[in-house]
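Reading the structure
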Amino acid sequence: MAVTTSTDIVEKVRSTPEERRATAIGIVLVAIAAFVLWVFALGVDSSYVSTFNLSLPGDPDLTWAVSSQVLSFVVAAIIAFIGGWVLRRTHVKWTNLGLAIALTLFALAFLTWAAADKSFSLVGMLRSTVILSVPVTLGALTGLMCERVAIINIAIEGQLLTAAFVGTVAGSAWGIWAGLIGAMLTGAILGLVLAVLSIRYRIDQIIAGVVINIFALGLTSFLARRVLSVTPELNSPGRFSSHKIPLLGDIPVLGSMFFNHNMFVYGTYALVLILHFGFFYTRWGLRSRAVGEHPKAADTVGIDVYWTRYRNVVLGGLIAGFGGAFLTLAQVSRFEENLTAGIGYIGLAAMIFGRWMPFGALGAGLVFGFALTLQQKLGILGTPIPSEFLSMTPYLVTIIVVAGVVGRSRPPAADGQPYIKD
Amino acid sequence: MELALTGITKQFPGVLANDNVNLTVSEGEIVALLGENGAGKTTLMNILYGLYHPTSGTVEIDGKPVQFHSPGDAIKAGIGMVHQHFMLVPVFTVAENVILGDEPTKRAGIINRAKAKKTVTEISRRYKLDVDPDAIIEDLPVGIQQRVEIIKVLERQARFVVFDEPTSVLTPTEVEGFFEIVQSLKADGKGIIFISHKLGEALEIADRIVIMRRGKTVAEVLPRDVDEAGLAELMVGRPVDLVVDKAEAEPKDVVLSVEHLTVLDDRNRRAIDGVSFQVRSGEIVGIAGVQGNGQTELVEALTGLRTPLGGRVMLKGDDMTVASPRAMHQANVAHVPEDRQKSGLVLPFTVTENIVLNSYYERPLSRGVIMDWDEARDRATRLVEEYDVRTPGIEVPVSNLSGGNQQKVIVAREFDRDVALVIASQPTRGIDVGSIEYIHSRIVEERDLGAAVLIVSSELDEVMALSDRILVMYEGKIAGEFDATASTTEIGLAMLGSTEGQNEQAS
Amino acid sequence: MTDNGDAQTEPLVTEDSPPGDRSSMDRIAGVGSSLRQALLVPALAVLTALIVGAIIIAATDLDTLPLWGTDPGEAFRQTMSGIGKAYKALFVGSVGSPRAISETLFAATPLILAGLAVAVGFQAGLFNIGVNGQMHIGGMVALWVGFSVTLPAIIHIPLAIAAAIMGGAIWGGISGVLKARTGAHEVITTIMLNFVALFMVDYLLKTSVFQAPGRNDPISQKVNASAQFPTLIGDFRLQIGFFFSLAAVAFVWWLMYRSTIGFEFRAVGYNPHGGRYAGMSVAWIYLGVMAVSGGLAGIAGTNQILGLEPYRGISNFAGTVGFDAIALALLGRSHPVGVLFAGILFGALRAGGREMQGAAGVPIDLVLVLQALIIVMIAAPRLVRAIYRIKTPDQELSTTVSTGWGG
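Residues numbered from 1 in each chain as written. Chains lettered and ligands numbered in written order. Predicted model: local features only at pLDDT ≥ 70, side-chain atom pairs only at ≥ 80, totals over all residues.

Turning our eyes to something else, we now look at the overall build of chain A. Along the backbone of chain A there are 15 helices and five strands. Radius of gyration (C-alpha) of chain A: 24 Å, near the 22 Å computed for a compact globule of 422 residues. Dimensions of chain A, computed from the C-alpha atoms along their principal axes, are close to 90 × 60 × 40 Å. Every one of the 422 residues in chain A was classed for burial, and the buried ones make up 55%. In chain A, the proportion of contacts linking residues at least 24 apart, taken out of those at least 6 apart, comes to 77%. (Helix = DSSP H or I, 4+ residues; strand = E, 2+ residues; numbered from the N terminus. Rg over C-alpha atoms; globule rule 2.2 N^0.38 Å. Buried ≥ 20, exposed ≤ 12 C-beta atoms within 10 Å, placed from the backbone. Contact = placed C-beta atoms within 7 Å.)

Put into structure tokens, the structure is as follows:
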């Protein structure tokens, strides 16, 4: 009776999905390098100099002037190198890192090209990146509070929008702090609605989220037209002002970028830290994550799955409310129909990009903040790109992120499934 | 210290799961609760554990009635349960799973990880469980995961421990190790309830055996007074043939030839590593081995659901290594999948729609893109009768049917043509004895009609009863090949692989 | 013979099923529900929405609000009269005259088509939130065909529609491909593509190819007369687009329930694993579903340009149709006939809503609110039953369509 055991000869027939992805990305990178070479390097006069302002008005002057063409050449070379290295597939695990570096360099080359023979406030762009990243990061944090307990929250858009509306009305009537509190409560209430619909009535969570968004858009637009247009004094709240953090705020470039903002930005940093700590070091976090990964297991050790979900979704709503308040009490100072224009969905993409981790949400938020900044600031620079295409930037970036850059990451295991107990 | 369940009745919509059930357990006693699938054992235990509320009846500890509204109550009263499907969070560590719900904390709710680790190590050492507190659950073999469940139960100072089908995921050697653990728990004064449908094990370990059938407790016996056949009869209510009635096999040409097959699992590890074997027409080859040794991935590779990394699959001389499921179907391969509700059926579809699920695109069921539902209904009616599928009609959702009848729908669909190769994975998991017998006989019939049959099952009894040749899989390789005369011991040894390696992984 | 000992009906969570067994998608048409049951919940949902709408109208009647403090009786009268005026306008504007009915059906046309697009997606387990973008792309293609050539209407119109179907199918197909190849969730990709399409339209409308000569704003040339959808009765706005929508209903019904393609769509929608096992190519099916869905949306977009004044392309010509369509599909339980009736209902709300805005001064956005409320109730029959204390039938399952981000 012969025992059939394995031999060590395995004919390698085909490659793993990761290797195929590395190949695809490698090719894309080489193509990008060629593009940079052709358009950014060779497409500008060799005498052109891009001047980047690195300081805010009022601070000591700091600029960086660089030959547009040379920088693009260098970037093209580096990207081509990375592309080749990724193609060799020796370290498939580092593909994402190489991609991230290459894309950052591409952005730099792009800016250099856009600023060729002009001067341009890079620090202004970096500041704007941070500011515009706030609603995205807050949206991502809201999303992750909910998804970590396995509730998909599509309603972030609606929460932000409605909270922004309440923030502006309450803020106009009773002052900016009232506006902030009102906005946060609104976010929490909508979160509660989502929770009730998903948990108690077991409506499909995506449907519930879409419904809340439709409802929010309709209601805020209706009220804006019926009420705000006749009483504009309800649509002019104050604004929260910026505060520079001593010492940290004086660091060149980085100080202006990160440490000279209003309290919403600082609040966002704080939230990221608090949530990270909470989820991974406390009892609350362990139980929440358990509910999201294996609710039945949590149930059998005596954790109340329903209550955990309600609680976290409402807390997430508070965060969304905070984000909505930012929109009308710090960023602009009035409410408009459909003010959010998709930012909530971008927040969701940031959550996925950030792999459902708070620090990931922060990083992803910055990436999208950058794309949103491009949308705004590039028009000023006067590039040959039509403004409509610039407007598309953040949305295209979102698609690319969700589809390609990330590969497939794992959400909490029970995501989207209602929990049914006897 | 005594635990008593008296007169427990549990009514679900349309089903009386427990009917006036009585059960007692004392400290230091092992009671086996036997019954076939659907008898009501797990429902009873779920009531004990606070997951269900009884429609009527009482639970008493030391003569005092107790009410459990949630598992938390049961745990506090000293009842611990090791579930059949583990209640472990796959991405957490061992320590995190053990402390979940009972976490040692410092101020502000911060978890005291050092203390958690210490607790786990202590219990592990005391009962010789040998588990690494920082290991991540999904990386651990199933046998070790079970020990984590046991530690969980012990951490909460359970006085009564319920084991629900604990040995279904263990190799014969692991079962021995498990029994030793149970004995040490018993010596420690715990009262143990041991749910199973495995007769031999009940006889070996239990002090008393309680048998349930169709929701009622029908008998209580002592192991020395009864044998396996007697237990089977009590469980089912009539004499049961423990052996499948089949003629000697007459294998002919090779139908399926697997050569050096290597397949990756979802986590890019080698689930199957250089496996080779053949199946001939007119023979049943059984693949034995506990779940998790690559059987699932093997079947997926053979049926076109997973692309192998290397090696070849030949079907009657044609290279089918990267063939799609449809190509396999058209090559007359019948596939009875392991998870009937997930892969084999579309639950909200009607019986008719499920009958034509993988043949809808062929004539006469459709012409081009147009479906011929009359033909489909005719076929469904015929097959329902031929295979004795109990259903209110062919236009009801197949989710209304019981597990056994659902499986019959699948078998009917697959066997209703000239079959060259049958691949059946866990074909009788979770279904009643009557359907089991029926499906076994149909499989033998296909063999006698000339099909090559490959059975994959984690129930060693089933493999031994049906197969003409047995292959044992362990960690992605074929660890042994036996003919029908082999003994359980021999096969069990082959299922070992390298035990040392397994213990090293744990510590 | 054998003693099976199995019950015909077992509870869903039995000893057999492992815990955490996910509930599969409810048969959207309603498992085991009689016609009376199927109509009861939607009817009550509409009623409840109207009641809540009335409350909102009352609460935002700024002229009357201060009156409550001083003269509640008069305030109440005025509030009631305000609500009455609003809802009367709603009624009159939708069914109060032949013209009103024509307006209702006219408004229903694009809604039905868009609703079918979403419904096809739902049946296959996909959320097509991108009907808006697919309408835009399909509409732009039809627009181009409309002004670029002159052919006899009998050829011109079908040609434009065919081109629009292709355009919409491609736009929808992008999300389908992304889902099939990368697992990117279609909710995000379709919404993002909506924005991209919106800006694309704005851009194209300013190019020399599209832009009306002599204009600086994003508005296109006028479509040639041969491509304009002929109206049906006198000077009523109702045009042949309505018949196209009826044809689409019939087509979708045939597709989903009588063709092999529809069988595949529905199988994969309920259980992609089962579909794979059965030999279906899930990736291709996702692509096919999004393409069909996009194609239907393309027809809806065509209607918005070739079917109504000014027969030109303008910015955001799809309006809110794409989002109303989601509500429609849910209300109609994703069944083509359900979508037809839901579309007519929503068309009535629109036609009436316009009248309500004009005659009673209530902004038409209220209709959006009403729609959202209706969807919530439809998606949660238990909610409606809880409100009205109706007994729940045994077989009712939750409506779960999505399977999380993994797709």
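Further notes follow.
Looking only at helices and strands, one finds 18 helices and 22 strands in chain B. Here the C-alpha radius of gyration of chain B, 24 Å, is about what a compact globule of 507 residues would show, namely 23 Å. C-alpha atoms of chain B, sized along the principal axes, occupy 70 × 50 × 50 Å. Taken over 507 residues, chain B has a buried fraction of 53%. Excluding contacts between residues fewer than 6 apart, the proportion of contacts in chain B whose partners are at least 24 apart in sequence is 69%.

This part covers the sheet that holds strand β2 (residues 63–67) of chain A. All names here are of chain A. A sheet is described by the order of its strands in space; here three strands give the open sequence β2-β1-β3, paired in mixed fashion. Two strands in the sheet have a free side with no partner beyond their single neighbour: β2 and β3 (119–121). Along the sheet, successive strands turn relative to each other by an average axial angle of 20°, direction set aside. Relative to β3, strand β1 (residues 49–53) runs parallel, the two sharing three bridges. Across the sheet, residue N53 finds its bridge partner in β3, namely S121. Helix-sheet contacts for helix α4 (residues 122–147) involve β1 and β3, and the interaxial angle to β3 is about 30°. (Pairing = 2+ DSSP bridges. Axes fitted to C-alpha atoms, helices over the stretch in contact; angles between N-to-C directions.)

Looking now at the domain arrangement of chain B. Each assigned domain of chain B is listed with its residue range as follows: domain 1 (2–236), domain 2 (250–332 + 420–426 + 451–507) and domain 3 (338–417). Centre-to-centre, using C-alpha coordinates, domain 2 of chain B lies 27 Å away from domain 3 of chain B. (Domains from an automatic or database assignment.)

This part takes up the sheet that holds strand β3 (residues 30–34) of chain B. Residue and element names in this part refer to chain B. Strand order in the open sheet formed by six strands is β6-β7-β8-β3-β9-β10, and the pairing between neighbours is mixed. Of all the strands in the sheet, just β6 (79–82) and β10 (216–221) have a single pairing partner and so form its edges. For this sheet the average axis-to-axis angle between neighbouring strands, irrespective of direction, equals 20°. Taken together, the five bridges between strand β7 (residues 160–164) and strand β8 (residues 191–196) define a ladder with parallel strand orientation. What sits directly across from V161, in β8, is I192.

All names here are of chain A. Remark: helix α9 (residues 263–281) packs on helix α10 (residues 283–293), axes separated minimally by 5 Å, with the N-to-C direction vectors making an angle of 75°. Taken together, α9 and α10 sit at an angle that is classed as roughly perpendicular. Contacts between α9 and α10 involve G278, F279, F280 and Y281 on the former and, on the latter, W284, G285, S288 and R289. (Parallel < 35°, antiparallel > 145°, perpendicular 65-115°, else oblique.)

Another point: the nonpolar core. Counting residues in each nonpolar core, the largest one holds 433 residues, and the members touching the most others are A:I79, A:V211, B:F194, C:A114, C:L116, C:A117 and C:A325. Residues contacting C:A117, with those up to four places away along its chain left out, are C:N128, C:V131, C:S293, C:L296, C:A297, C:A300 and C:A325. (Core = buried A, V, L, I, M, F, W, Y, C linked by C-beta atoms within 7 Å.)

Let's shift gears to the pairing of strand β22 (residues 477–483) of chain B. Residues in a regular strand point their side chains to alternate faces of the sheet. All names here are of chain B. Where strand β21 (residues 469–474) lies against β22, six bridges are found, and the strand directions are antiparallel. Counted as the bridge partner of R469 is D483 from β22. Between β21 and β22, which pair antiparallel one after the other, the connecting turn spans two residues, and E475 there sits at a positive phi close to 50°.

This paragraph deals with unusual backbone geometry. Trans peptide bonds make up most of the peptide bonds, and negative phi angles are found at most residues other than glycine. Geometrically, the link from B:R363 to B:P364 is a cis peptide bond, its omega value of -5° lying close to zero. Considering the arrangement of structural elements, one finds B:P364 in the loop between α12 (351–355) and β17 (366–367). Look at the link from C:E309 to C:P310: it is a cis peptide, with omega at -5°. Considering the arrangement of structural elements, one finds C:P310 in the loop between α11 (282–306) and α12 (321–331).

With 48 residues of chain C in contact, the opposing surface of chain A contributes 49 residues. Among the elements of the structure, α6 (153–182), α7 (186–204), α12, α14 (365–379) and α15 (381–388) of chain C are those that each provide at least two residues to the side of chain C that touches chain A. Counting residues per element, the side of chain C that touches chain A draws most heavily on α7(C), at 10 residues. The residue inventory of the side of chain C that touches chain A, partitioned by class, reads 31 nonpolar, 13 polar and four charged. (Nonpolar A, V, L, I, M, F, W, Y, C, P; charged D, E, K, R; others polar.)

Another aspect to go through is the environment of A:L286. Looking at the secondary structure, you find A:L286 in helix α10. Judged by local crowding, A:L286 falls into the buried class, with 25 C-beta atoms found within 10 Å. Contact partners of A:L286, with chain neighbours within four places excluded, come to B:E96, B:L100, B:E103 and B:I111.

Here B:L449 is to be found in the loop between α15 (433–448) and β20 (452–456). For B:L449, a count of 12 C-beta atoms within 10 Å translates into the label exposed.

This part takes up the confidence of the model for chain B. All names here are of chain B. Confidence along chain B averages 86 in pLDDT terms, with 96% of residues attaining 70 or more. Low confidence marks residues 498–507, where pLDDT is under 50. Its contacts with residues over four positions away, or in another chain, come to 10 contacts. We note a pTM of 0.83 for the whole complex and an ipTM of 0.81 for its interfaces. (pLDDT = per-residue confidence, 0-100.)

A few words on helix α9 (residues 260–270) of chain C. Across the 11 residues that make up α9(C), a large majority, 10, are buried. Three or more residues of α9(C) are buried, namely C:T260, C:G262, C:F263, C:E264, C:F265, C:R266, C:A267, C:V268, C:G269 and C:Y270. Against the buried residues of α9(C) lie β17 and β18 (370–371) of chain B together with α4 (98–123), α8 (241–258), α10 (272–277) and α11 of chain C.

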